[in-house]
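Each chain, written out:
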Amino acid sequence: MKTIISYNASLKLSLALSFIFLAGVVQQSVAQEVITVQRAIEVTLQNNLQITKSKLSEDLAEENFKQAKLAQYPRLNGSVDQRMSWGRNNIGTSGIYENTQNYSFSPGLGLGVDLFNGFSKINQIRQNKLLLEAGKMNTDKIKNDLTLSVVTSYMEILYNKDRLKAAKEQLEVARKTLKQQQALLDVGNKTLADLAEAKSQVATAELDVTNADNALTISFITLVQLMDIPSSTRFEVQAPNAANFTKSNSAYDAETIYAEALTYFPDIKLAALQTAAAKKGIDVAKGSLYPSLSMSGSYGSSYIYSYNLPDYNPSLPPNTPQNLRFRDQIENNVSKGLGLSLSIPIFNGLQAKSGVKKARINLLQTQADEQLAKNNLNKIIYQAVADLKAAESTNESATKTFNAQKEAFSVIEQRYNVGLVNSLDYSTSLTKRNKAEIDMIRAKYDLLFKAKVIDYYLGKQIVF
């Protein structure tokens, strides 16, 4: 009997260990992927359709650039003209009209070269090259903007995760307090009012958990949409190193950061390229004011066949009307031509002058846009430096406030448990502690984010 019991126990133990092992394997297999902020940025830059559209615009700009260069080359065109005609025609000089039917075949080549057109083609090449560079820079700008958006969403997820964790902890405290109040009420040491206050604290804590959970879900959806992956995708985010919260440098000089950002920031480089392209656009438009000189050349031949004449026959008497052979006609009817064409603009509805004026207005607009981009960057950087300094002070104050509220609540809780503090004072102290913790979490992530914004404007890679 003992052997059977021992065997059954051993079997149960073995099955239990096997179940635990399999559960561990299953848990590992369904574990969610942990995505770092760098990985989130990489996926976003790879999948986002805004970047795809911008790259397609780059391809169009590149084709325009190639087309402008090829426009300098001579134009060579081949032509083949075939005709069938019939009707009453005078045959030779006899004065006799007869019904005739003729077929003609005329092959030819045409060559055209622009010798001078006000340098508009050369300037068009230069402008299209600038526009191509601007297209590439626009892609960099979109990538830059998306990077900052991803970091913002990532930080929001981290904040909401800590917020949800804190809310759950407070809910657990509120439930324990309710359970304690119920027990004290049962022995007559508490009133129904104390129990009602404890229930109210539980309801408030449950609402905070619900709000924090909803905020976390929304922040995940925002990041997923930026990454352009299925909304059902589940993943975890990697929390930053705690040391990063205390290593920010508030001694940044805004003017130094601004001067550095002017040399590489995509928004500024894009605006500068657009201004340069607009300047070159004026030269392109001025080309229409100058005369244009072009040269043309032609080479062709012809073949005619009349259905009213007999086919070629060498035995016929000389000068007898007949259809000569195709090869003979093609060789004998060769024609060549060479010409120069000069076009002088005199009056064309003032379209050329209007085009120049429009190009100059466009230049003024791009110059204003460039200066506006510089002003915005200057404003944003000065604001970012000020925000970082304020965030450091706020984080320090919020941490001190939380520690003080936490200590105060601990004292109130001890006194409340022995009946020296009423439920209202206890509830007020708990609310203050909870608010202080949420404020500290927000200040902590706000400080880290503000520091990363400075790195962003300094052109540094954003890492946690």
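Since the structure is predicted, the reported quantities are computational estimates derived from the model, not experimental observations.

## As for the pairing of strand β5 (residues 292-300)
Both strand β3 (residues 97-116) and β5 contribute to a ladder of eight bridges, which runs antiparallel. For Gly110, the partnering residue across the bridge sits in β5 and is Ser298. Here β5 pairs with strand β7 (residues 335-343) via nine bridges, running antiparallel. Following the sheet pairing, Ser294 is matched in β7 by Ser341.

## What to know about helix α3 (residues 49-70)
Spanning 22 residues, α3 covers 32 Å between terminal C-alpha atoms, matching the ideal 32 Å at 1.5 Å per step. All buried positions along α3 are accounted for by Ile51, Ser54, Glu58, Ala61, Phe65 and Ala68. All buried residues of α3 lie within an arc of 90° about the axis, which places them on one face of the element. Turned more than 90 degrees away from the buried face of α3 sit Leu49, Lys53, Leu60, Gln67 and Leu70, all of them exposed. Contacts from the buried residues of α3 go to α2 (37-47) and α4 (120-186). Measuring from the backbone nitrogen of Gln50 back to the side-chain oxygen at the start of α3 gives 2.9 Å, which picks out Asn48 as the cap.

## What to know about the environment of Lys400
Locating Lys400 in the fold gives a position in helix α9 (residues 351-417). With a relative accessible area of 53%, Lys400 lands in the exposed category. For the pair Lys400 and Ala436, spaced 36 residues apart in sequence, the C-alpha to C-alpha distance is 9.3 Å.

## Overview of a nonpolar patch on the surface
Together, Leu115, Phe116, Phe119, Ile122, Leu289, Tyr290 and Leu340 make up an exposed nonpolar region whose accessible area comes to about 680 Å². One can find Phe116 in strand β3.

## Side note on the packing of aromatic side chains
Across all of its chains, the model carries 10 aromatic pairs by this definition. Ring geometry for Phe105 versus Phe326: centroids 5.9 Å apart, planes at 45°, classification tilted. With Phe105 in strand β3 and Phe326 in helix α8 (residues 326-332), this pair connects stretches of sequence that are 221 residues apart. An angle of 70° between the planes, with centres 5.4 Å apart, marks the rings of Phe220 and Phe235 as edge-to-face. Taken together, the residues span a long stretch of sequence, with Phe220 in helix α5 (residues 192-227) and Phe235 in strand β4 (residues 235-237) at a distance of 15 residues. What makes Phe220 buried here is its relative accessible area of 17%. Every member of this aromatic cluster is reached through a ring pair, and the members are Phe105, Tyr303 and Phe326.

Calculation notes
Residues numbered from 1 in each chain as written. Predicted model: local features only at pLDDT ≥ 70, side-chain atom pairs only at ≥ 80, totals over all residues. Heavy atoms only, no water. Pairing = 2+ DSSP bridges. Helix = DSSP H or I, 4+ residues; strand = E, 2+ residues; numbered from the N terminus. Expected span 1.5 Å × (residues − 1). Buried < 20%, exposed > 50% of the residue type's maximum accessible area, 1.4 Å probe, protein only. Arc of directions from axis to C-beta. Contact = heavy atoms within 4.5 Å. Polar contact = N/O pair within 3.5 Å; in protein donor to acceptor, adjacent residues only side chain to side chain. Patch = residues over 30% accessible without salt bridge, like charges linked within 9 Å, V, L, I, M, F, W, Y side chains within 5 Å. Areas by Shrake-Rupley, 256 points an atom, 1.4 Å probe, with all protein chains shown as cover. Salt bridge = Lys/Arg side-chain N within 4 Å of Asp/Glu carboxyl O. Phe/Tyr/Trp six-rings, centres within 6.5 Å; stacked < 30°, edge-to-face > 60°.

Interpretation in functional terms is not warranted from these geometric data alone.
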